[in-house]
Amino acid sequence: MLKNILSRFTKNAEEKPKINPVTALYQYQINAEECRSCDRCRKVCKVGAISGERGQAVYVIDEEKCIKCGTCVKWCKYKAIQRLDSV
C-alpha cells in the first residue's frame, strides 16, 4: 500500500506543469542592469520560459510559455526579476 502511494507522488512529480488557465494581469521581466547571467532562473523554470546563456547577455522571459508561478523570482539572488502588475 505504501509503495502504491509513493509511486503516485513520483509519477505526479515527473509530470510537466500545466499552463495557468487564468489570464494573468501581470508579467515577469528581467532587469538587464541587475541580471548577472548566473543561470539559476533558467534552471528552475518549470516550463523552459527563460532563455539565455550563462555569463553572457541578459536573460529573457517568453511570456507565451511563462505560467506565472514566480519560481524564478524566488530563486534570483540578485533580485533582477520583477513582477509588473499593469500589463
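From a predicted model like this one, the values you see are computed outputs, not experimental measurements.

Concerning unusual backbone geometry
The phi dihedral of Asp39 is positive, around 85°, even though this residue is not glycine. Mapped onto the elements of the fold, Asp39 is located in the loop between β1 (27–30) and α2 (40–44). By relative accessible area, which is 5% here, Asp39 ends up buried. In this model, Lys68 sits at a positive phi of 60°, which is unusual for a non-glycine residue. Mapped onto the elements of the fold, Lys68 is located in the loop between β3 (60–61) and α3 (71–75).

Calculation notes
- Residues numbered from 1 in each chain as written.
- Predicted model: local features only at pLDDT ≥ 70, side-chain atom pairs only at ≥ 80, totals over all residues.
- Heavy atoms only, no water.
- Helix = DSSP H or I, 4+ residues; strand = E, 2+ residues; numbered from the N terminus.
- Buried < 20%, exposed > 50% of the residue type's maximum accessible area, 1.4 Å probe, protein only.

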